Structures are given as structure tokens and as C-alpha cells.
Amino acid sequence: MPLDQDTETDDATLLARYARGDASATRTLTLRLTPRVFGHAYRVLGDSAEAEDVAQDAMLRLWKIAPDWEADRAQVSTWLYRVTANLCTDRLRKRRGGPALDEIAEPADPAPGVETQMQSRARMDALTAALQSLPERQRQAVVLRHIEGLANPEIADILDVGVEAVESLTARGKRALKAALAPQKQALGISDDG
Amino acid sequence: MTADRHEMTDAALDDLFQDARAPQMPEGLMLRVLDAGFAAQPAPGATRAPLSRWRRLAAAMGGWQGMGGLVAATCAGFWIGVSPPQYLPDAALSLLGAGAGFETTDMTEVAAYGWVVDEGSDIDG
């Protein structure tokens, strides 16, 4: 079953219906937006439990603002990503540092049949750790652009910077990621042709 | 070249991004978000009553504190009008002009002074 069955209705309309007490709008918004919020928070924070807290907090703020939502405000998703980005920033300020690349376990001697699964897990762990090594703004921009798939103008709105700054952040972020991941290329099953 | 062998391509990085697009959701997160949504949801049919004209006016005046100050100042002004202190002039007489004690000025002097200054002549001869 697809998570969000009501793909026709836009977020703002659903939020207005939520504010009028429509229970189906609550379900649709939850199914549509929670994975995006959690995914963004997880990639930025690199910690599932913290990302879960952030996702719940961000969604709660959405529920609370619904009755006062103005149609001419920013897009709902843009507002929600901005809230999520700020919540992540708050958490990152509270803790300094993160898991270093060399803390990621090498995929050693996998048993036949689970090799692919382990390598996939190792690839994600390596990407998560490499993301954590980026400066926070670069990380937010790279996640929003390349994992969440947002357009640069929307990212600019979310991060409250210009579009050129977003382009610069994502370009530098990708370069840094490639440099961080290159030494593990063989171990992660990344071939030279991509 | 050795450097090339260690370099990561854009395509390889894009593959990693693609794999990362659907992170495993923690168990129960959706339900918790949904429960919070239902708990915070206004009841069907419940609409926020728009503020009345008086409430909007009170808000514009700074809320109940501002309105309290305005009412107190109005009452004080009314009472001073009804029963003025001895040392204040009688308001009614002042309005009617009795005993107002203002004298008309000889306007020709003022006008002449202005003309002389403006023209800058006839002062030194």
C-alpha cells in the first residue's frame, strides 16, 4: 500500500482540512510528510533516535500552526524543512563532533547470502559518517539537494541564503564527500565506472 | 594513474545518494506522529470566532492594561471638568472669552517690521 494515497491534494489544502477537523487529512499529511522530515533529520544528525525526536517535534509544530496557517505563506513543505533544519542545528550545537570516518567498521568476511545486505548497510554507514564530517550548512544543503531532491530556490528559502550560496554549498559538499569516501571505495563495492 | 583509481566519480556518489533516499523509519514513529496530530486537531465544525470590534479596539489600545489607563484618564478629566480645583480658571468663562485678558496687538507694527526686514532697506537710511 502506498504511504500517501491522496496524491492529488496539495499540502496547504490538506492542512486547512486538518484545521477544520478532517481526520483523513491528518492521516495523509502524516504519511506524506513524516518520512521526509525523518529522512532529512537522520541524514543531517546521523542518529536515528535523535532524528525521530526531531521528526515528532517538527510535525507537532505543524499541527499547532495549522489553524493559523496563511495561504500566502511559504509552501508547507518548505516551512517544515526549515523547522527541521533549525531543530537539527539546535541539536548539533548542543553536541560537538560526531562519528569519524575511521570509526566505521569495515565489512569484514561476510557470510555467503548476506554479503549484499551488509555491503549496502556499510555503504549507508559510510555515507552517513562522511556527511557528518561536512560543515553543517554544507551538510544541510547536500541532503536537501541530492537526497531529498529539492530544487535550489526552495533550499535557499529553507536555509535562508541565496541560490548562489546553495550552489556553492552543494558543490563544496559534494567535493568533500568524494574526498572522504574515496579511500573506502574498494571496501564499499564502488567500481571505477560508477 | 594512482590518483584516478582513488578518486570517486559523480556517478558513484549519485548511486549512494539514491540508496540513501528511503531511510528505514523507526517502528511506531508514524503512529506517534498521527496520535499527536489527532490530539492537537481542532474538533470538526469548531471555528475560531473572529474578534469583535471592541476586542480589536482594545487590542489596538494595548490590551486590557491600555484600556484601563484610558478609562481612568477619561474619568479623571471628566471629574476635573465637573468640579475644578480652586486655582484653575473657570473653563466656561474661558471659552466665552470673559476675563480672558488677551489684548490685540497693533498689527501695523508687526507688518511694518516684517517688510523692513525682508526688504533690508530703510534701516540704515
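The residue numbering used here restarts from 1 in each chain and proceeds along that chain's sequence as written. The order in which chains are written sets their letters, starting at A; the order in which ligands are written sets their numbers, starting at 1. Only residues with pLDDT of at least 70 get local features here, since the model is predicted, and only at 80 or more are side-chain atom pairs given and counted; chain-wide, interface and lining totals rely on the full set of residues. Excluded from the side-chain calculation are hydrogens and water; included are all heavy atoms of the structure.

Re the overall build of chain A
In step 1: The helix and strand labels rest on DSSP assignments: H or I over at least four residues marks a helix, E over at least two residues marks a strand, and numbering proceeds from the N terminus. Secondary structure summary: chain A contains 8 helices and 0 strands in total.
In step 2: Overall, chain A shows an N-to-C arrangement of helices and strands of α-α-α-α-α-α-α-α.
In step 3: For chain A, with 194 residues in total, the buried portion stands at 47%.
In step 4: Summed over all atoms, the accessible surface of chain A reaches about 9,400 Å², with 48% contributed by carbon and sulfur. When a residue's accessible area, from a 1.4 Å probe over protein chains only, is under 20% of the maximum for its type it is buried; when over 50% it is exposed; and in between it is partly exposed. Here the open area of atoms and residues is found with the Shrake-Rupley method and a 1.4 Å probe, where only the protein chains shown may cover a residue.

Quick look at the overall build of chain B
In step 1: Across its full length, chain B carries 7 helices and 0 strands.
In step 2: Sequence-ordered secondary structure for chain B, helices as α and strands as β, is α-α-α-α-α-α-α.
In step 3: Looking at chain B as a whole, 12% of its 125 residues qualify as buried.
In step 4: For chain B, the computed accessible surface area is about 10,300 Å², with 61% contributed by carbon and sulfur atoms.

Some thoughts on the pattern of salt bridges
Two side chains with opposite charge may pair up if their charged atoms get near one another.
In step 1: Whenever a carboxyl oxygen of Asp or Glu lies within 4 Å of a side-chain nitrogen of Lys or Arg, that contact is scored as a salt bridge. Per the counting criterion, the structure on display carries 10 salt bridges over all chains.
In step 2: Here Asp-22 of chain A makes a salt bridge to Arg-17 of chain A, at a shortest N to O gap of 2.9 Å.
In step 3: One salt bridge in this structure joins Arg-91 of chain A and Asp-53 of chain A, with 3.8 Å as the shortest N-O distance. Pair noted here: Arg-91 of chain A is in helix H4 (residues 76-94) and Asp-53 of chain A is in helix H3 (residues 48-65), with a separation of 38 residues, a long-range link.
In step 4: Overall, the relative accessible area of 37% leaves Asp-53 of chain A in the partly exposed class.
In step 5: Where salt bridges share partners, they join Lys-174 and Lys-178 of chain A together with Asp-10 and Asp-14 of chain B into one cluster.

Remarks on the interface of chain B and chain A
In step 1: Here, residues are in contact when the closest pair of their heavy atoms is within 4.5 Å. Of the residues lining the interface, 36 residues belong to chain B; the matching set on chain A comes to 42 residues.
In step 2: Accessible surface is computed with a 1.4 Å probe, and the buried area is the amount of it that two parts give up when combined, taken over both parts together. Between chain B and chain A the total buried area reaches about 3,400 Å² when both faces are included, carbon and sulfur atoms providing 66% of it.
In step 3: The interface formed by chain B and chain A contains 5 salt bridges.
In step 4: As a salt-bridge pair, Glu-52 of chain A and Arg-32 of chain B come within 2.1 Å of each other at their nearest N and O atoms.
In step 5: Counted as a polar contact is a pair of N or O atoms within 3.5 Å, where, for protein atoms, one must be capable of donating a hydrogen and the other of accepting one, and residues adjacent in sequence contribute only when both atoms are in side chains. Seen at the junction of chain B and chain A, the total is 11 residue pairs in polar contact (both at pLDDT 80 or more).

Regarding the packing of H3 of chain A against H4 of chain A
Residues and elements named next belong to chain A.
In step 1: Between the N-to-C directions of two axes lies an angle of 0 to 180 degrees, each axis being a line fitted to C-alpha atoms and, for a helix, fitted only over the stretch in contact. In the contact formed by H3 and H4, the axes pass within 10 Å of each other and the chain directions differ by 135°. Between H3 and H4, the crossing angle belongs to the class labelled oblique. The handedness of the crossing between H3 and H4 is right-handed. Counting all contacts with H3, which are made through Glu-50, Asp-53, Val-54, Asp-57, Ala-58, Met-59, Arg-61, Leu-62 and Ile-65, the residues of H4 involved are Val-76, Trp-79, Leu-80, Val-83, Thr-84, Leu-87, Cys-88 and Arg-91. Orientation categories follow fixed angle ranges, with anything under 35 degrees roughly parallel, anything over 145 roughly antiparallel, 65 to 115 roughly perpendicular, and all other angles oblique. A clockwise turn of the near helix away from the far one marks a right-handed crossing, whereas an anticlockwise turn of less than a right angle marks a left-handed crossing.

A few points about the confidence of the model for chain B
In step 1: Looking at chain B, the pLDDT average stands at 71 and 49% of residues meet or exceed 70.
In step 2: Across chain B, the secondary-structure element scoring lowest on mean pLDDT is helix H1 (residues 2-6) of chain B, at 53, and the one scoring highest is helix H3 (residues 29-40) of chain B, at 94. For every residue, the pLDDT score states the predictor's confidence, bounded by 0 at the bottom and 100 at the top.

Observations regarding helix H1 (residues 11-19) of chain A
Residues and elements named next belong to chain A.
In step 1: Within the span of H1, buried status applies to Asp-11, Leu-14, Leu-15, Tyr-18 and Ala-19. Down the axis, H1 shows its buried residues gathered within 140° of arc, on one side only.
In step 2: You can read the cap of H1 off the contacts: a side-chain oxygen lies 3.1 Å from the backbone nitrogen of Ala-12, and it is on Asp-10. It is the directions from the helix axis to the C-beta atoms that the arc portrays.

Structural notes on a nonpolar patch on the surface
In step 1: Like-charged residues within 9 Å of one another, or nonpolar side chains (Val, Leu, Ile, Met, Phe, Trp, Tyr) within 5 Å, are grouped into patches, provided each residue has over 30% relative accessible area and no salt bridge. The grouping of Phe-78, Trp-79 and Val-82 of chain B at the surface amounts to a nonpolar patch, some 390 Å² of accessible area in total.
In step 2: One can find Val-82 of chain B in helix H5 (residues 63-82).

With respect to the packing of aromatic side chains
All names here are of chain A.
In step 1: The criterion for an aromatic pair is that two Phe, Tyr or Trp rings (for Trp, the six-membered ring) have centres within 6.5 Å, with stacked assigned to planes under 30 degrees apart, edge-to-face to planes over 60 apart and tilted to the rest. Within this structure, the stated rule accounts for 3 aromatic pairs over all chains.
In step 2: Between the aromatic rings of Phe-38 and Tyr-42, the centroid separation amounts to 5.9 Å while the plane-to-plane angle is 10°, which identifies the pairing as stacked. A residue pair is termed a helical-turn pair when its members lie 3 or 4 positions apart in one helix, as Phe-38 and Tyr-42 do in helix H2 (residues 23-45) at 4 residues.
In step 3: Phe-38 gets classed as buried once you look at its relative accessible area, which sits at 1%.

Quick look at the environment of Ala-12 of chain A
In step 1: Position of Ala-12 of chain A relative to the elements: it lies in helix H1.
In step 2: For Ala-12 of chain A, a relative accessible area of 32% gives the class partly exposed.

Quick look at the packing of helix H6 (residues 136-147) of chain A against helix H7 (residues 152-159) of chain A
Each pair of packed helices gets described by two things: the angle between the helix axes and the distance between those axes.
All names here are of chain A.
In step 1: Running from amino to carboxyl end, H6 crosses H7 at an angle of 140°, the nearest separation of the two axes being 10 Å. When the axes of H6 and H7 are compared, the pair comes out oblique. Here H6 and H7 pass one another in a crossing that is right-handed. Contact residues: H6 offers Arg-137, Gln-140, Ala-141, Leu-144 and Arg-145, while H7 offers Asn-152, Ile-155, Ile-158 and Leu-159.
In step 2: Following the grouping adopted for this structure description, the nonpolar residues are Ala, Val, Leu, Ile, Met, Phe, Trp, Tyr, Cys and Pro, the charged ones are Asp, Glu, Lys and Arg, and the polar ones are all others, Gly among them. Classifying every residue of the contact of H6 with H7 gives 5 nonpolar, 2 polar and 2 charged.

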